[in-house]
Amino acid sequence: MCGITGFVGAGRQSDLTAMSAALRHRGPDGHGSYTDERNAVSLGHERLVVIDPAGGHQPMWNEDRSVAVVFNGEIYNAAELRNELAGRGHRFTSDHSDTEVLVHGFEQWGRDLPLRLNGMFAFAVYDAGAGRLFLARDRFGEKPLYYFAGADAFVFASELSAIRRHPAVGGTLDPKSIQKLFAYGYIPAPWTALSGVRKLPAGSRLEYDCRSKQVTESRYWTFHLEPDDRLASASEAALVEELRALLSSAVRRRLISDVPLGLFLSGGIDSATTLAFAAQHVPPSELSTFTVGFVEPSYDESGAAARVARSFGTKHWSTRLELEAAASLLPGLLRRLDEPLADPSLLPTYLLCRFSRETVTVALSGDGGDELFAGYDPFLALKPARAYARAVPDAVHALMRRAVCFLPHGTGYMSWDFRVRRTLAGLSYPPKLWNAVWLAPLEPQDMGTFFEDPLPVEELYEDAIAVWNAGTERDLCSRTLEFFTSLYLQNDILAKVDRASMMVSLESRAVFLDNDLVEFCRRLPNEWKLRRGVRKYLLRRALDGLVPREVLARRKQGFGVPVVSWLRQLPAPPDPPDLPGVKASAFRQAWQDHQRGHTEERLLLWTWLSLTQWAARPEFPEAATA
């Protein structure tokens, strides 16, 4: 795991040095740089040693130094690709570096290289002979990649904090992206918080001609559901056997490491899956598992995680997060965050990563299981929501929304009043917006209260609408699966885990995002994912007999934090710098109303806290005058 950066065109060595320094937390074990004055190309790399400590230095070149690469991530099928490329005549100088596979792979397959890769990655290949730069990002966006294409310079980096240090990149906050942050809880790719800077979307590649300055961006892979008749007619036993084989292979690939490795463990199905199949390849007594708990019982899964660890016999480590620790961690954590994010689970995720890093350098996670196997609460709400939307007149719905405002505000995990308010808020809009609004810190009808010039709904949610319209399967379940996999997973879950883990130089690997496993899930009919109200049906069947029954029987619980009660005790954030188009007074009033118990605004206020802390960072002085 590493940090990459570089630019073509205007810029000095000191700029490259500053950009690389901003990424040091992503790669504290080594630094590399290169400048080609002929094409005005500069490359920088910060390395976290995980694979081939002696042979993985970057930038890495081919034999005649015509092709170089800087790379962030892991290629899990590197050994197979290395054998194939060696058979085609390519000569490798490292012992087993996956980075060198990219150098020779680009020589062999050019722009089609990403299609061959099973892994998580963001990389930049410099083809010196052709005078071009080639960038690519993995299929789900596990690894970040930002770029700026200006008149005088093309700039790229793993994080906004690095790209911002190039003098060609301005610091003006983008008003549209700020509204999208409150509409989704994250800023969806390709948008970013900075005007003129883009995220390269997941499954995308980019080619930059150093001479003509032309940028060509394209998708090489998109997640779409395509149910397979073979899987529809297969027996449950056959599908269970196939899924188990795929999970075992996915975990085995992610156990390859030259440094200490462990597993994140909650009391849930996805992390238990990772442990169950890891135990097939490594003696459980040699596996380290890590969890974080809370004092508040409705949020605490540490007891369940400990029982799972005991059932396998792992070396289990646990820590606990309390309000006092949260209050001290939050300001610094949110300011270090590469881009504002409305997900409060960033806090325990960071603590878990920091705690795990004391023992290991790599950790396996269960991220992606909910998206691929229909594990989230909205999947259970789809049928009732459709019936409600058809049967309940608008006037009655409006009365119900007003009535729920008088419900007492619970502070527990996913309290029933919170669920009711969220559900009715989503049902105030067309089905294509349900999922986005159910997760939104601020629904469209309230945007005008907090923003000077609220975006039209179709523009605000253009990203979700595009996913809704692009799917080949038109039923609500399929469209919801594609929403969570294409938008929420990429821009929230994976971004959160990458930033939290990389802050402490820990590599996190998502088992469920293995290419072969994803292909199986893409073609698996939905009735094997959601059956008679049972989410993750086939995954549960595959785990039967492999994990404790308690795991399969437990109610779904996300990695939540007691935000409602915390926000009523934490002091309000200081007055932020002036943000473009934002009515700061409205947010201050919302904070006061929440603290007095008049309203319950957990998501709105957490998003506001994240934005204000992030915008106040020293590298964004323009925020005050944007």
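Residues numbered from 1 in each chain as written. Predicted model: local features only at pLDDT ≥ 70, side-chain atom pairs only at ≥ 80, totals over all residues. Heavy atoms only, no water.

## Concerning helix α3 (residues 98-109)
Logical step 1: Relative to the 16 Å expected for 12 residues at 1.5 Å per residue, α3 spans 16 Å between its end C-alpha atoms, a close match to the ideal helical length.
Logical step 2: Looking at α3, one finds that the buried residues are Asp98, Thr99, Glu100, Val101, Leu102, Val103, His104, Gly105, Phe106 and Trp109.
Logical step 3: Check the buried side of α3 and you find it contacts β4 (60-61), β5 (67-75), α2 (78-87), β6 (119-127) and β7 (132-137).
Logical step 4: Where α3 begins, the capping side chain belongs to Ser97, and its oxygen is found 3.1 Å from the backbone nitrogen of Thr99.
Logical step 5: After α3 finishes, the residue Gly110 shows a positive phi value of roughly 60 degrees. (Helix = DSSP H or I, 4+ residues; strand = E, 2+ residues; numbered from the N terminus. Expected span 1.5 Å × (residues − 1). Buried < 20%, exposed > 50% of the residue type's maximum accessible area, 1.4 Å probe, protein only. Contact = heavy atoms within 4.5 Å. Polar contact = N/O pair within 3.5 Å; in protein donor to acceptor, adjacent residues only side chain to side chain.)

## Overview of the pattern of salt bridges
Logical step 1: Using the criterion set out here, one finds 41 salt bridges in the structure.
Logical step 2: Between Lys176 and Glu459 there is a salt bridge; the shortest N-O distance is 3.1 Å. In this pair, Lys176 is assigned in helix α5 (residues 175-184) and Glu459 in helix α18 (residues 457-460), connecting sequence segments 283 residues apart.
Logical step 3: Taking the shortest distance from any N to any O, the salt bridge between Asp377 and Arg535 comes out at 2.8 Å. Taken together, the residues span a long stretch of sequence, with Asp377 in the loop between α12 (369-372) and α13 (378-391) and Arg535 in strand β19 (residues 534-535) at a distance of 158 residues.
Logical step 4: With relative accessibility at 23%, the residue Asp377 sits in the partly exposed group.
Logical step 5: Salt bridges here are not isolated pairs; linked through shared partners, they connect Arg26, Lys143, Glu159, Asp338, Asp498 and Arg499. (Salt bridge = Lys/Arg side-chain N within 4 Å of Asp/Glu carboxyl O.)

## Some points on the packing of aromatic side chains
Logical step 1: Tallying each qualifying case throughout the model produces 27 aromatic pairs.
Logical step 2: Ring geometry for Phe483 and Phe484: centres 5.3 Å apart, planes at 85 degrees, overall edge-to-face.
Logical step 3: Here Phe483 falls in the buried class, since its relative accessible area comes to 5%.
Logical step 4: Take Phe484: its relative accessible area is 1%, and that puts it in the buried class.
Logical step 5: Here the aromatic rings of Phe587 and Trp608 are separated by 4.1 Å at their centres, their planes lie at 5 degrees, and the arrangement is stacked. Residue Phe587 is found in helix α25 (residues 584-595), and its partner Trp608 is found in helix α26 (residues 602-615); the two are separated by 21 residues along the sequence.
Logical step 6: By relative accessible area, which is 0% here, Phe587 ends up buried.
Logical step 7: Feature note: the residues Tyr184, Tyr186, Tyr376, Phe379, Tyr461, Phe483, Phe484 and Tyr488 constitute an aromatic cluster, connected by ring pairs. (Phe/Tyr/Trp six-rings, centres within 6.5 Å; stacked < 30°, edge-to-face > 60°.)

## Details of the packing of helix α19 (residues 462-470) against helix α20 (residues 476-503)
Logical step 1: α20 packs onto α19 with a crossing angle of 130 degrees between their chain directions and a minimal axis gap of 9 Å. It follows from the interaxial angle that α19 and α20 lie oblique. With respect to the hand of their crossing, α19 and α20 are arranged in right-handed fashion. Judged by residue contacts, Asp463, Ala464, Val467 and Trp468 of α19 engage Leu476, Arg479, Glu482, Phe483, Ser486 and Leu487 from α20. (Axes fitted to C-alpha atoms, helices over the stretch in contact; angles between N-to-C directions. Parallel < 35°, antiparallel > 145°, perpendicular 65-115°, else oblique. Left-handed = near helix turned anticlockwise from the far one by under 90°.)

## Points about the environment of Arg254
Logical step 1: Structurally, Arg254 can be placed in helix α7 (residues 236-254).
Logical step 2: Look past the residues within four positions of Arg254 in its chain and what remains in contact with it is Tyr76, Asn118, Leu261, Leu364, Arg509, Ala510, Val511, Leu513 and Asp514.
Logical step 3: A polar contact of 3.1 Å, which involves the side chain of Arg254, links it to the backbone oxygen of Ala510.

## A word on the confidence of the model for the protein chain
The predicted coordinates ought not to be read in detail in places where the model reports low pLDDT.
Logical step 1: With 96% of its residues at a pLDDT of 70 or more, the protein chain has an overall mean of 92.
Logical step 2: When the criterion is pLDDT under 50, residues 621-626 qualifies, and its contacts beyond four places in sequence or with other chains add up to 13 contacts. (pLDDT = per-residue confidence, 0-100.)

## Overview of the sheet that holds strand β13 (residues 261-264)
Logical step 1: In spatial order, the strands read β15-β14-β13-β16-β17; together these five strands make up an open sheet with parallel pairing. Sheet topology places β15 (315-321) and β17 (507-510) at the edges, where each strand pairs with a single neighbour. Averaged over all neighbouring strand pairs, the angle between strand axes comes to 30 degrees, with direction disregarded.
Logical step 2: The sheet contact formed by β13 and strand β14 (residues 288-294) spans three bridges and is parallel. When the sheet's bridge partners are listed, Phe264 is paired in β14 with Phe290.
Logical step 3: Taken strand by strand, helix α9 (residues 302-312) contacts β14 and β15, and its axis lies near 175 degrees from that of β15. (Pairing = 2+ DSSP bridges.)

## As for the pairing of strand β1 (residues 2-9)
In regular strands, side chains alternate between the two faces of the sheet.
Logical step 1: Along β1, seven of the eight residues are buried, which leaves the element largely enclosed by surrounding structure.
Logical step 2: Strand direction decides the pairing type here: β1 and strand β3 (residues 41-47), joined by seven bridges, are antiparallel. By the bridge assignment for β3, Val8 is matched with Val41.
Logical step 3: Here β1 pairs with strand β9 (residues 153-157) via five bridges, running antiparallel.

## As for the sheet that holds β7
Logical step 1: Taken together, six strands build an open sheet; the order of strands is β4-β5-β6-β7-β11-β12 and the sheet is antiparallel. Only two strands of the sheet have a single neighbouring strand rather than two, namely β4 and β12 (215-219).
Logical step 2: Pairing geometry for β7 and strand β11 (residues 204-209), over five bridges, is antiparallel. Counterpart to Arg132 in the pairing with β11 is Asp209.

## Topic: the environment of Gly44
Logical step 1: Along the polypeptide, Gly44 turns up in strand β3.
Logical step 2: As for Gly44 and Thr480, which are separated by 436 residues in sequence, their C-alpha atoms are 39 Å apart.
Logical step 3: Other than its neighbours up to four places away in sequence, Gly44 contacts Gly3, Ile4, Thr5, Leu16, Ser20, Gly32, Ser33 and Val70.

## Examining α2
Logical step 1: Those residues of α2 that sit buried are Ala78, Leu81, Arg82 and Leu85. Seen end-on, α2 carries its buried residues on one side only, within an arc spanning 105 degrees. Set apart from the buried face of α2 by more than 90 degrees, the exposed residues are Ala79, Asn83 and Gly87.
Logical step 2: At its buried positions, α2 is contacted by β5 and α3. (Arc of directions from axis to C-beta.)

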